[in-house]
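Descriptive structure summary
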Amino acid sequence: DTSGYKAWLALHARADEAQRKREAARYDWLAACEQHDTIAAAVSELRNGIRSILGQELREIDPNRIEQGIVIGTFDGNERIRALCGDASEQLGAEGFAIRASEGLMAIGANTPSGVLYGVFHLLRLLALGELTENLSVMERPANGLRMINQWDNIDGSIERGYAGQSIFYANDAIAFQPERVRDYARLLASVGLNAIAINNVNVHRLESGFITEPLLSRIAELAAIFRVYGIRLYLSVNFASPIEVGGLPTADPLAQDVRLWWKERADDIYRAIPDFGGFLVKADSENRPGPFTYGRNHADGANMLAEALAPYGGLVIWRCFVYDCKQDWRDRTTDRARAAYDHFMPLDGTFHPNVLLQIKNGPMDFQVREPVSPLFGAMERTNQLIEFQITQEYTGQQRHLCYLVPQWKAVLDFETFACHEGAPVKRIVDGTVFGRPYGGFAAVSNIGCDENWTGHPLAQANLYGYGRLAWNPELSAETIAAEWAAQAIGPDPQAVDTICTMLLESLDIYESYTAPLGVGWMVNPEHHYGPNVDGYEYDKWGTYHFADRYGIGVDRTVASGTGYAGQYIGDNAKAFESLDRCPDELLLFFHHVPYTHKLQSGVTVIQHIYNTHFDGAERAGELARKWQSLRHLMPDGLYLAAEARLLEQAEHAKEWRDRINTYFYRKSGIADAWGRTIY
Ligand code: GCW
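All figures in this text were calculated on a predicted structure; none of them were measured in a lab.

Looking at the secondary structure, you find G157 in the loop between β7 (146–150) and β8 (170–171). Note: C-alpha distance between G157 and N304 (147 residues apart in sequence) is 32 Å. When neighbours within four sequence positions are excluded, G157 is seen to be in contact with Q166, S167, Y170, A171 and N172.

Here the focus is the side chain of D153. Within the fold, D153 resides in the loop between β7 and β8. Notably, D153 is buried but unbridged: the nearest opposite-charge side chain belongs to R181, and the N-O separation is 10 Å. A distance of 3.2 Å separates the side chain of D153 from the side chain of Q151, its partner in a polar contact. Polar side-chain contacts of D153 include one of 2.8 Å to the side chain of S167. Those residues in contact with D153, other than ones at most four positions away along the chain, are S158, I159, S167, I168, F169, Y170, I199, N200 and N201.

In a regular helix each residue adds 1.5 Å, so 14 residues correspond to 20 Å; helix α7 (residues 216–229) covers 21 Å between its end C-alpha atoms and thus fits that length. Listed as buried for α7 are L217, I220, A221, L223, A224, I226 and F227. Looking at the buried positions of α7, the neighbouring elements they touch are β9 (174–175), α6 (179–191), β10 (196–198), β11 (233–238) and α9 (257–273). One or two steps after α7, the chain reaches G231, where phi turns positive at roughly 75°.

Moving on: the packing of helix α15 (residues 478–489) against helix α16 (residues 494–515). Look at α15 against α16: their axes get within 9 Å of each other, and the N-to-C directions meet at 135°. With respect to their mutual orientation, α15 and α16 come out oblique. Along this stretch, α15 crosses α16, giving a crossing that reads as right-handed. Of α16, the residues touching α15 (which contributes A478, E479, A482, A483, W485, A486 and A487) are V497, I500, C501, L504 and L505.

All right, on to the UniProt feature "domain: Glycosyl hydrolase family 67 catalytic" (unreviewed entry) in the protein then. In the numbering used here, UniProt assigns the "domain: Glycosyl hydrolase family 67 catalytic" (unreviewed entry) feature to residues 129–454. Within residues 129–454, the helical portion is 25% and the strand portion 16%, while the C-alpha atoms at the span's ends are 22 Å from each other.

Turning our attention to the pairing of strand β3 (residues 69–74). Counting buried positions along β3 yields six of six residues, so the element is predominantly enclosed. Sheet analysis places strand β1 (residues 29–31) next to β3, joined by two bridges and oriented parallel. Bridge pairing links L30 to I70 in β3. Pairing of β3 with strand β5 (residues 105–110) involves six bridges; the strand directions are parallel. The partner of G73 across the bridge, within β5, is G109.

Across the sheet, which stays open at both edges, the six strands sit in the order β2-β1-β3-β5-β4-β6 with mixed pairing between neighbours. The open sheet terminates on both sides in strands that have one partner only, identified here as β2 (59–60) and β6 (136–140). Relative to β6, strand β4 (residues 97–102) is paired through five bridges, and the arrangement is antiparallel. Within the sheet, the bridge partner assigned to A101 lies in β6 and is L136.

Rules used throughout
- Residues numbered from 1 in each chain as written.
- Predicted model: local features only at pLDDT ≥ 70, side-chain atom pairs only at ≥ 80, totals over all residues.
- Heavy atoms only, no water.
- Helix = DSSP H or I, 4+ residues; strand = E, 2+ residues; numbered from the N terminus.
- Contact = heavy atoms within 4.5 Å.
- Buried < 20%, exposed > 50% of the residue type's maximum accessible area, 1.4 Å probe, protein only.
- Lys, Arg positive; Asp, Glu negative; His and termini not counted.
- Salt bridge = Lys/Arg side-chain N within 4 Å of Asp/Glu carboxyl O.
- Polar contact = N/O pair within 3.5 Å; in protein donor to acceptor, adjacent residues only side chain to side chain.
- Expected span 1.5 Å × (residues − 1).
- Axes fitted to C-alpha atoms, helices over the stretch in contact; angles between N-to-C directions.
- Parallel < 35°, antiparallel > 145°, perpendicular 65-115°, else oblique.
- Left-handed = near helix turned anticlockwise from the far one by under 90°.
- UniProt positions renumbered as here; feature names shortened; annotations may be inferred.
- Pairing = 2+ DSSP bridges.

Structure (structure tokens):
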């Protein structure tokens, strides 16, 4: 397969024949005795992997008789496993695993079948990376309880903000899928430890509102069954107005008795069809979607009503905080979209039921290439939180430009919120440890579609891979993740791995350079959000402005003279963002309106920074394409050509970005480039 379909599960054969034979000799027997679908899946992954990498067929044997080879299973279901690594049981939780190898016998043990599956995928990763040693002792458990993917797929087969083809779940107003393809997606997700999927767009349209009732519910249950085998729970996005639109009731008021009863009955039906159903994901009172505001109720009233319906079954309500006024008048300088989520949700802290989680986008606006971290992290002490990332590259080049997002996510996760003395980075808030929350974790919008290689741009696979790896372990570095992905997906050739890692790791900085200077976002074409348009959103209703005029640019969000947004942060963060001198350069224009001649901490003026980064960024985008071309001889055609075409488009498009932005600000400011480069 040269198309990239197998992604990071390509399991390339060992190139070194002597090493292959040596390793193969160690893995010829396999012992697994449990009758469980997930264990069976783990066995099949293991067989497949050992065959593919080492050319070795595993033969099956009774766990009590095995002396050399691999034995896998749960501590309760496999005595031999209990004897070999059962002592690790208490430290592993429900999803962790232990791997022990010595004297030719390798044991993978866990408390649950999913833990065993994760252990097998870990082993295969070590094997593919050439890191499997003869004696080994590994113990891992995920940092986050919920590690979720959100599909923005619609029943007509389209994907909102999808850049890799149509949906793999739906087509022509029907639930329509190839079980093989869905299974392969489940394998990819499970191989990086993801354990939850919301299977439809958060904008729940008419037909999708019916997913919670028959006849569609049974079809959804078929999808749930495929994911279940791989330890992944299925969730549904629901329409808050379902009682009206599906149930025929006159209202969806969350405090009305018949509405509450209606949702309870739906929960009963759903759990009959899908006993391990995860729960509901809800976008309410957001971008024209219905919600509790219609009835004079608040978000806690809405979320808690659904939570009550799901509680008897252990289901969760994931309630999104992407709530703001999308009909704001651009002449109104007092309304600031950045403030909205905090203003709506902070006063509700402590009022949500225990099975409610708030899903909060990483930044206060909307997945721009650069934003500060949402101030809700650290502020709400008595509410479960999930952080929402966007893997699909809506504002970051739409999988036509290369943009490896893991460094951006890392910076968000490591951001210190000052929520407590001992240190409270975002990753410790969302995993629940700082405030002792029972639920927490990661959610992210998927970037896959029915394109042969899943993501359109083959290198965009690294974002999906990296998201899963970080959700499991946020301490992994962006470099490690890039190298892991490249070696597994492309092959272990050191020149290829090195070059691809360099490309991935510099790509975010390059993209930021030629698009969005100093924390200004939104200079894109409205609606589809691709390509430069400095004033595309400047005089409209979405609340996303840069306020550039002939003197200066930026949004004053200080407490002293602006919208007060900087004051939503805790302690020194509030002080630093408020201060013109201390605000980090890369966010300066998010927090301050300054003259073009304002001198940055870097020593150059704002206008010169804009020119420098745009010339530089376009140049570096061209180099990305040349780096890829240097790998031509190491790549299979399908993969090589798909990426090359996109990298060449990026290089051209980066020049357009450069010229549009530079010319705009040259015309506005009248200040020439200090280096006399061409500005049109
Ligand atoms: O980023 C914006 C997108 C919308 C999306 C919305 C959201 C699903 O432009 O397409 O709707 O965010 O997150 O709800």
